[in-house]
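Per-entry structural report
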Amino acid sequence: MQEIAQHIAITLKTLRQARGWSLDRTARETGVSKAMLGQIERHESSPTVATLWKIASGLGVSFSQFLETSGVAEGTLLRRGQTAALVERAPGMQVVPLFPFESELGFEFFVIDLAPGALSESTPHARGVVEHIVVIEGEMDVCVEGVWQPLKPGEGLRFAADRAHGYRNRHHSAARFHDVIHYPRRIDV
Ligand code: MN
């Protein structure tokens, strides 16, 4: 957790400075306040998943760039706990990149846990971003175009994520889903 927050802090500062952007400019581009950006860079605050998505979209980079330092080589066996998790106490969401972003393929693959009662609402991602969700444990709802759709294990949904969307768990047991994010063109990472 500590390592993730530190990695996020360093990544944000590096990407921002590479663009020659001030905190003010970065706040305008991402929709995240200058005060919050400063706190994240100084490692004083851990961003929520929703805030980190705003930052990634505004900077034009993938979400997993903030969570992982290296990709997964072909033929690598994935083991649980191998990759670091972004844990959000409220609303109770944990995001683990199983296969971090690959620029050649334009995709990244997460496993996401939603605690009972969790509600996570997301602002639109970059234009053309598509999410593919498949529930693997528990039950959950996905909000697309303002409509909440219930999903059971094995059920999935593909939706345009360049508009507001959300995930929630109204049940008494945890839900786990896979989320494959597709980026439509090469992005700067
Ligand atoms: Mn999303």
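Residues numbered from 1 in each chain as written. Predicted model: local features only at pLDDT ≥ 70, side-chain atom pairs only at ≥ 80, totals over all residues. Heavy atoms only, no water.

**A look at the side chain of threonine 26**
Worth spelling out the cut-off: For the purposes of this entry, the term helix denotes a DSSP run of H or I that reaches at least four residues, the term strand denotes a run of E that reaches at least two, and both are numbered from the N terminus. Two N or O atoms count as a polar contact when they lie within 3.5 Å, although within protein this holds only if one can serve as hydrogen donor and the other as acceptor, and sequence-adjacent residues are included solely when both atoms are side-chain atoms. Contacts are residue-level and defined by heavy atoms, with any inter-residue pair within 4.5 Å sufficient.
Mapped onto the fold, threonine 26 is located in helix H2 (residues 23–30). Of the polar contacts made by the side chain of threonine 26, one reaches the backbone oxygen of serine 22; its length is 2.7 Å. With sequence-adjacent residues up to four places away left out, threonine 26 is seen in contact with Arg16, Trp21, Gly31 and Leu37.

**Comments concerning H2**
Definition in use: For every residue, the accessible area (1.4 Å probe, protein chains only) is compared with the maximum for its type, and the residue is labelled buried under 20%, exposed over 50%, or partly exposed between those bounds. For this quantity, the arc is that covered by the directions from the helix axis to the C-beta atoms.
Within H2 the residues assigned to the buried category are Thr26, Ala27 and Thr30. For H2, the angular spread of buried residues about the axis comes to 105°, placing them on one side. Phi for glycine 31, located one or two positions after H2, is positive at around 80°.

**Concerning the sheet that holds strand S5 (residues 130–137)**
Defined as follows: Two strands pair if DSSP finds at least two bridges between them. A fitted line through C-alpha atoms serves as each axis, taken over the contacting stretch for helices, and the angle formed by two N-to-C directions is quoted from 0 to 180°.
Taken in spatial order, the six strands of this open sheet run S1-S2-S3-S10-S5-S8, and their pairing is antiparallel. At either end of the open sheet lies a strand with only one pairing partner, and these are strand S1 (86–88) and strand S8 (156–160). Between one strand and the next, the sheet's axes are offset by a mean angle of 20°, whatever the strand orientation. One ladder, built from eight bridges, connects strand S3 (residues 107–114) with strand S10 (residues 175–182); its direction is antiparallel. Bridge assignment links glutamate 108 to a residue of S10, and that residue is isoleucine 181. Across the sheet, helix H4 (residues 49–59) lies against S1, strand S2 (93–102), S3 and S10, angled at about 130° from S1, the strand it touches most.

**Let's talk about the coordination of the manganese ion**
In plain terms, the rule: Here a donor is any nitrogen, oxygen or sulfur atom (N, O, S) within 2.8 Å of the metal, with 3.2 Å used for Na, K and Ca; water is not among the atoms considered, so some sites may look incomplete.
With distances of 1.9 to 2.2 Å, the protein atoms coordinating the manganese ion are His125 (NE2), Glu131 (OE) and His165 (NE2). When the donors of the manganese ion are listed by position in the chain, the intervening gaps give H-x5-E-x33-H. When sorted by exposure, histidine 125 lands in the same class as glutamate 131, which is buried.

**A look at the packing of aromatic side chains**
Convention followed: Centres within 6.5 Å are what make two rings of Phe, Tyr or Trp a pair, Trp counting through its six-membered ring; a difference in plane orientation under 30 degrees is then read as stacked, over 60 as edge-to-face, and the rest as tilted. Think of it as a cone above the ring: NZ of Lys or CZ of Arg counts as a charge over the ring if it is within 6 Å of the ring centre and within 35 degrees of the ring normal.
In this structure the tally under the stated criterion is five aromatic pairs. Relative to phenylalanine 110, the ring of phenylalanine 63 has its centre 5.6 Å away and its plane inclined at 75°; by these criteria the two rings are edge-to-face. Of this pair, phenylalanine 63 sits in the loop between H4 and S1 while phenylalanine 110 is found in strand S3, placing the two residues 47 residues apart along the sequence. Residues phenylalanine 63 and phenylalanine 110 agree in their burial class; the two are buried. Centre to centre, the rings of tyrosine 167 and phenylalanine 177 are 5.3 Å apart; their planes meet at 40°, and the pair counts as tilted. Taken together, the residues tyrosine 167 in strand S9 (residues 165–168) and phenylalanine 177 in strand S10 connect sequence positions 10 residues apart. Judged by relative accessible area, which is 5%, tyrosine 167 ranks as buried. On the basis of relative accessibility, which here comes to 0%, the residue phenylalanine 177 falls in the buried class. Connected via pairs of aromatic rings, a cluster forms that spans Trp53, Phe63 and Phe110. For the cation-ring pair, arginine 168 lies above tryptophan 148, with the distance from its terminal atom to the ring centre recorded as 4.2 Å.

**Considerations on the sheet that holds strand S7 (residues 147–151)**
Read across the open sheet, the four strands follow the order S4-S9-S6-S7; overall the sheet is antiparallel. Across the chains shown, the open sheet's two edge strands, defined by having one partner strand only, are strand S4 (119–122) and S7. Ignoring strand direction, the axes of neighbouring strands in this sheet form an average angle of 15°. As defined by bridge partners, strand S6 (residues 140–144) adjoins S7 across five bridges and the pair is classed as antiparallel. Looking across to S7, one finds that methionine 140 is bridged to leucine 151.

On their own, these measurements won't tell you what the molecule is for.
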